[in-house]
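The lines below spell out each chain.
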Amino acid sequence: MTLKYRLLRLTILDILLSIPPSLKGLEQHDTAEPQPREDSDTPDFGCTREYNPVCGDDGITYSNECMLHWESKLRNQNVNVKHEGKCKTS
């Protein structure tokens, strides 16, 4: 293995290790994700898994606007986007 190859490999590893968990989609514990359901109340549309958080007017952070609408329909509620980004906790 050449020195140039080793340096390139270490640089790539450094970059991958420096990516924050929120950009990797690993920080999902405070966001709503669809849960598998077997009943007929499951919404008839799907959402992408892109992480672009929005705060619903119900105080819950959703991973993206589509997920907010998906969960809203699933729970038979009318939840709207309060603002972009995570909900503020008090």
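Residues numbered from 1 in each chain as written. Predicted model: local features only at pLDDT ≥ 70, side-chain atom pairs only at ≥ 80, totals over all residues. Heavy atoms only, no water.

Undergrad: So what exactly am I meant to see when it comes to the overall build of the protein chain here?
TA: In terms of helices and strands, the protein chain carries three helices and four strands. Ordered by position from the N terminus, the helices and strands of the protein chain form the series α-α-β-β-β-α-β. Taking all 90 residues of the protein chain together, 23% fall into the buried category. If you take every contact in the protein chain between residues at least 6 apart in sequence, the share linking residues at least 24 apart comes to 53%. Accessible surface, the protein chain as shown: approximately 6,900 Å² in total, 55% of it carbon and sulfur. (Helix = DSSP H or I, 4+ residues; strand = E, 2+ residues; numbered from the N terminus. Buried < 20%, exposed > 50% of the residue type's maximum accessible area, 1.4 Å probe, protein only. Contact = heavy atoms within 4.5 Å. Areas by Shrake-Rupley, 256 points an atom, 1.4 Å probe, with all protein chains shown as cover.)

Undergrad: Honestly, the confidence of the model for the protein chain in this entry has me stumped. Any pointers?
TA: Atom-level detail of predicted coordinates should not be read off regions where pLDDT is low. With 63% of its residues at a pLDDT of at least 70, the protein chain reaches an overall mean of 78. Of all helices and strands in the protein chain, the one with the weakest mean pLDDT is strand β1 (residues 31–32) (58), whereas strand β2 (residues 54–56) scores best (97). (pLDDT = per-residue confidence, 0-100.)

Undergrad: Any chance you could explain helix α3 (residues 65–74) here in plain terms?
TA: Each α-helix winds once per 3.6 residues, and so residues spaced three or four apart point in a common direction. Considered for burial, the residues of α3 that qualify are Met67, Leu68, Trp70, Glu71, Ser72 and Leu74. The backbone nitrogen of Cys66 has a side-chain oxygen 3.1 Å away, supplied by the residue at the start of α3, namely Asn64. Two residues or fewer past α3, Asn76 is found with a positive phi of approximately 55 degrees. (Polar contact = N/O pair within 3.5 Å; in protein donor to acceptor, adjacent residues only side chain to side chain.)

Undergrad: I keep staring at the pattern of salt bridges and nothing clicks. Help me out?
TA: Once the charged atoms of two side chains with opposite charge are near each other, the side chains can pair. Tallied over the entire structure, the rule returns three salt bridges. Lys73 is paired through a salt bridge with Asp44; the nearest N and O atoms lie 3.1 Å apart. Taken as a pair, Lys73 in helix α3 and Asp44 in the loop between β1 and β2 lie far apart in primary sequence, 29 residues in all. Between Arg75 and Glu71 there is a salt bridge, with the nearest N and O atoms lying 3.4 Å from each other. (Salt bridge = Lys/Arg side-chain N within 4 Å of Asp/Glu carboxyl O.)

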